Amino acid sequence: LLDWTASPFVALFFAFEDPEPSSDSKYRVVFGLDETAITDKCSSLLESGIDLVEFYRPFTDENQRLVNQAGLFTKSAENIDIETWVQTHFKSSAPPVLFKVYIPNHDREACLVFLNRMNINHSTLFPDLYGSSQFANFKRKISGY
């Protein structure tokens, strides 16, 4: 399962949450996926025997993190990542079904301050002791919090 969020702002928070980027890139990346286009394509491919992409959205509010993060999951076809699956089934599709937004690493602090003003931070996305302590640490490190 691949973890997604229905909120681009929550996705931006997770892109910048870690102070160190996961690669040597000068950018952080936020992915966008057109759930309706994927679902419609999978419906048309249902009887073809092609592996499909499935969406799973939690139906209960037992996990407050998933609720606050507007979380959902995708299960991709076996042995193929979502990006390759989309490229295979949506050749020259407009508008794009999967897209990437690149944000410069040097904008991290400004993004986190902006998101905090929108009430998107550790304490709201992780409503537990972990989130509270992470928020306190961030507040101490990031100016403007």
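Residues numbered from 1 in each chain as written. Predicted model: local features only at pLDDT ≥ 70, side-chain atom pairs only at ≥ 80, totals over all residues. Heavy atoms only, no water.

Caption draft 1: Spatial organisation of the sheet that holds strand 3 (residues 54-56). Taken in spatial order, the three strands line up as 1-4-3 in an open sheet, and their pairing is antiparallel. Strands at the two margins of the open sheet, each flanked by one partner only, are strand 1 (2-5) and strand 3. Ignoring which end each strand starts from, the neighbouring axes of this sheet average 35 degrees apart. (Pairing = 2+ DSSP bridges. Helix = DSSP H or I, 4+ residues; strand = E, 2+ residues; numbered from the N terminus. Axes fitted to C-alpha atoms, helices over the stretch in contact; angles between N-to-C directions.)

Caption draft 2: Just helix 2 (residues 35-45), in detail. Those residues of helix 2 that fall on the buried side of the exposure criterion are Ala 37, Ile 38, Cys 42 and Leu 45. Buried residues of helix 2, viewed axially, fall in a sector of 130 degrees; they line one side. Residues of helix 2 that are exposed and angled more than 90 degrees away from the buried face: Thr 36, Ser 43 and Ser 44. The inward-facing, buried residues of helix 2 contact strand 2 (27-33), strand 3 and helix 4 (82-89). Its side-chain oxygen placed 3.1 Å from the backbone nitrogen of Thr 36, Asp 34 serves as the N-cap of helix 2. (Buried < 20%, exposed > 50% of the residue type's maximum accessible area, 1.4 Å probe, protein only. Arc of directions from axis to C-beta. Contact = heavy atoms within 4.5 Å. Polar contact = N/O pair within 3.5 Å; in protein donor to acceptor, adjacent residues only side chain to side chain.)

Caption draft 3: Local environment of the packing of aromatic side chains. Scanning the entire structure with this criterion turns up six aromatic pairs. Judged by centre distance (6.4 Å) and plane angle (55 degrees), the rings of Phe 9 and Phe 114 are tilted. With Phe 9 in helix 1 (residues 8-16) and Phe 114 in helix 5 (residues 108-117), this pair connects stretches of sequence that are 105 residues apart. For Phe 9, a relative accessible area of 35% translates into the label partly exposed. Aromatic side chains Phe 13 and Phe 14 sit 5.5 Å apart centroid to centroid with 80 degrees between the ring planes, which places their arrangement in the edge-to-face category. By relative accessible area, which is 31% here, Phe 14 ends up partly exposed. One aromatic cluster is present, built from ring pairs that chain together Phe 13, Phe 14, Phe 126 and Tyr 130. One cation-aromatic arrangement involves Lys 41 over Phe 90; the distance from NZ or CZ to the ring centre is 5.2 Å. (Phe/Tyr/Trp six-rings, centres within 6.5 Å; stacked < 30°, edge-to-face > 60°. Lys NZ or Arg CZ within 6 Å of the ring centre and 35° of its normal.)

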